[in-house]
Amino acid sequence: MLDIEVYHDYFFLGLKRWEDGKRRSFEMSTQKDIGRGRDDARKFLHQYQIVTYNGMGYDLPLVFYWLNGANNEELKRASDRIINGNVRWWEVEDMLGIRIPWKVKQNHIDLIEPQPNPFASLKLLNARLHGKRLQDLPFDPAEIPTHAQMDELSDYCLISDLDATENAFNALQEPLDLRRKVGQQIGVNVMSKSDTQMGLAIIKKRVEDRLGRKVYKPKIQPGLTFKYKAPSYIKFKDPKLREMLRKIQVHDFVVKEDGKVELPIWLAGTKKKPIHQIINGRSYQMGIGGLHSCEKNRKVESDNQYALCDFDVGSYYPSIILSLGLYPKATGPVFLEVYGGVKSDRMKAKRAGDKVVDKSMKISLNGAFGSFGSKWSFVYAPHLLIATTLTGQLALMMLIERSENIGVPVCSANTDGVVLMIPRDKWDGLDKDRARPSQLADLIEQWERDTQFAMEGTEYSALYNQSVNSYFAI
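In this text, all values refer to a predicted model and were calculated from it rather than measured experimentally. (Residues numbered from 1 in each chain as written. Predicted model: local features only at pLDDT ≥ 70, side-chain atom pairs only at ≥ 80, totals over all residues. Heavy atoms only, no water.)

Undergrad: I would appreciate a short explanation of helix 10 (residues 239–250) in the present structure.
TA: Since the α-helix turns once every 3.6 residues, residues separated by three or four places project in the same direction. Between the first and last C-alpha of helix 10 there are 17 Å, a value that for 12 residues agrees with the 16 Å anticipated at 1.5 Å per step. Within the sequence span of helix 10, burial applies to Leu241, Met244, Leu245 and Ile248. One side of helix 10 holds all its buried residues, which, seen down the axis, span an arc of 100 degrees. Those residues of helix 10 that are buried lie in contact with strand 7 (253–254), helix 11 (265–268), strand 8 (277–279) and helix 15 (382–405). One side-chain oxygen at the N-terminal end of helix 10 lies 2.7 Å from the backbone nitrogen of Lys240; it belongs to Asp238. (Helix = DSSP H or I, 4+ residues; strand = E, 2+ residues; numbered from the N terminus. Expected span 1.5 Å × (residues − 1). Buried < 20%, exposed > 50% of the residue type's maximum accessible area, 1.4 Å probe, protein only. Arc of directions from axis to C-beta. Contact = heavy atoms within 4.5 Å. Polar contact = N/O pair within 3.5 Å; in protein donor to acceptor, adjacent residues only side chain to side chain.)

Here it is, written out as structure tokens:
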């Protein structure tokens, strides 16, 4: 485990060996002369696998800046530039004029992306993992520490932060093992990648193998406008829903400065004042992430009159991408071959009980869709993101309207499925995840034929909601 602290007149490098807990430190400050410490530190970095939290963009570059001879003030200026300038990890080496050896990079695990919460700090993770010592940075980074404060900072780094890093590392063994196996399969190091990044690495490798060349992120200028065209099967009976569909298709969507695209205010509203679509008296909100109903603080239970069943579309957004033939500019149509192959591989692995392939392929499918909206990705294509998510929402609203029209109330709706309160005379239960012949089964199957999607049912005895995204289903 590796962590550093950088202040005026003070640089500290702490190391903790995972196998036996032995610690080693290096300090360059007004109270300590590092001497030959740089040579010893360099040996550690080449000998061991290094584990950090945010080490790719901060700790490792500054360590090698120090190894190349940087003094305390140079290190402090570099640290401030990285933090205050929000310098990306792939830009730091050029900024500092250094190169981290390839062997060290390949043998380094940065935990900040593999951990599942993109907004969590190491301190928060350590608290959630019941870390024995929870301590924030003792002094403002702008201070010039006294020798006594330097000793406190050294203890903070060597004990508190390194133990927290180890705590996170131990908790992440399962996702790290998945990355180890995926890396072996595709010949690409994905140990420090998030789920989305790992999934994209799988797709990118397959695309590049098919094309016989590298693919790069496209250049899409802010201000680009485009329109959404709904597939022909999207149809509504309610005049208000038909008018909404018409307005969506004549609207000019605009790529903003940050590369993102938003739904128009008249459709989705704002965070403080959302716009709701009303279907048979029930409210639904549209958004870039998907459709959702608006229930909160509620319980719903099945009884002699109603059955409670959740119907979800299997691989909803991936199915939309494939059915509409959507592919990003950087890859061309070969993306659809690869993406379809990933989906097929996942289904085979699921049937065979191969959890590693099943999970990695699922991550690939979902990661590609999400990255349509990321200007840093090689699959960046904001018009495809809108095409996918709007089609998903409109198709689900079409199912909701049909269900309400035959007297089956919608209890909840969220992104890729609905929970229905089904009158017992329209329902004969499930055969595995398929509805047995009944009026409700006819409704589901007709929607599946129209859209070419496949639904999976799960019967509930009760549903307890705090909100649409926070609930217990029994």
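Undergrad: How do you make sense of the environment of Leu67 when you look at a structure like this?
TA: Mapped onto the fold, Leu67 is located in helix 2 (residues 55–67). Residue classification places Leu67 among the buried residues on the basis of a relative accessible area of 6%. Residues Leu67 and Lys355, 288 residues apart in the sequence, show an inter-C-alpha distance of 43 Å.

Undergrad: It is not clear to me how the sheet that holds strand 10 (residues 292–293) should be interpreted in this structure. Could you clarify?
TA: Taken together, the 3 strands give an open sheet; going across it, the order is 8-9-10, and neighbouring strands pair in antiparallel fashion. Edge strands, defined here as strands with exactly one partner in the open sheet, are strand 8 and strand 10. Looking at chain direction, strand 8 and strand 9 (residues 282–285) are connected through 3 bridges and run antiparallel. When the sheet's bridge partners are listed, Ile279 is paired in strand 9 with Arg282. Contacts between helix 15 and the sheet are confined to strand 8 and strand 9, with strand 8 contributing the most and set at about 30 degrees to the helix. (Pairing = 2+ DSSP bridges. Axes fitted to C-alpha atoms, helices over the stretch in contact; angles between N-to-C directions.)

Undergrad: What should I look at first to understand the pairing of strand 12 (residues 306–313) in this one?
TA: For a regular strand, side chains alternate in direction, first toward one face of the sheet and then toward the other. For strand 12, a buried count of 6 out of 8 residues is recorded, marking the element as mostly surrounded by other parts of the structure. With 7 bridges joining them, strand 12 and strand 14 (residues 417–423) adopt antiparallel strand pairing. Bridge assignment links Cys309 to a residue of strand 14, and that residue is Leu420. Where strand 12 meets strand 17 (residues 455–460), 6 bridges bridge the pair, whose relative direction is antiparallel. Opposite Asp310, over in strand 17, you have Thr458 as the bridge partner.

Undergrad: Can you help me understand the nonpolar core in this one?
TA: Soluble, globular proteins show a tendency: their nonpolar side chains are buried together. By size, the foremost hydrophobic cluster in this structure holds 85 residues, and its most contacted members are Met286 and Phe311. Broken down by element, this core gets its largest block of residues, 12 residues, from helix 15. One finds Leu13, Leu45, Val63 and Val92 within the second-largest nonpolar core, a separate group that totals 28 residues. (Core = buried A, V, L, I, M, F, W, Y, C linked by side-chain atoms within 4.5 Å.)

Undergrad: Explain the packing of helix 2 against helix 4 (residues 89–96) to me, please; I cannot follow it from the model alone.
TA: Packed helices, taken two at a time, are described by the angle their axes make and the gap between the axes. In contact at an axis separation of 9 Å, helix 2 and helix 4 are set at 20 degrees when each is read in the N-to-C sense. Of the possible angle classes, the one that applies to helix 2 and helix 4 is roughly parallel. Here helix 2 and helix 4 pass one another in a crossing that is right-handed. In this structure, helix 2 uses Met56, Gly57, Pro61, Leu62 and Tyr65 to contact helix 4, whose residues at the interface are Trp89, Val92 and Leu96. (Parallel < 35°, antiparallel > 145°, perpendicular 65-115°, else oblique. Left-handed = near helix turned anticlockwise from the far one by under 90°.)

Undergrad: Got a minute to help me understand helix 8 (residues 173–186) in this structure?
TA: Taking 1.5 Å per residue as the helical rise, helix 8 with its 14 residues ought to reach 20 Å, and the 20 Å between its terminal C-alpha atoms agrees with that figure. Buried within helix 8 are the following residues: Leu176, Leu178, Arg179, Val182, Gly183 and Ile186. What you see down the axis of helix 8 is that its buried residues fit within an arc of 155 degrees, all on one side. Away from its buried face by more than 90 degrees, helix 8 exposes Glu174 and Gln184.

Undergrad: Any chance you could explain the packing of aromatic side chains here in plain terms?
TA: Scanning all chains against the criterion turns up 18 aromatic pairs. Ring geometry for Trp18 and Phe169: centres 5.3 Å apart, planes at 85 degrees, overall edge-to-face. One end of the pair, Trp18, is in the loop between strand 2 (10–16) and strand 3 (23–29); the other, Phe169, is in helix 7 (residues 147–171), with 151 residues separating them in the sequence. We classify Phe169 as buried; its relative accessible area is 6%. Ring centres 6.0 Å apart and planes at 20 degrees place the aromatic pair Phe44 and Tyr48 in the stacked group. Overall, the relative accessible area of 22% leaves Phe44 in the partly exposed class. (Phe/Tyr/Trp six-rings, centres within 6.5 Å; stacked < 30°, edge-to-face > 60°.)

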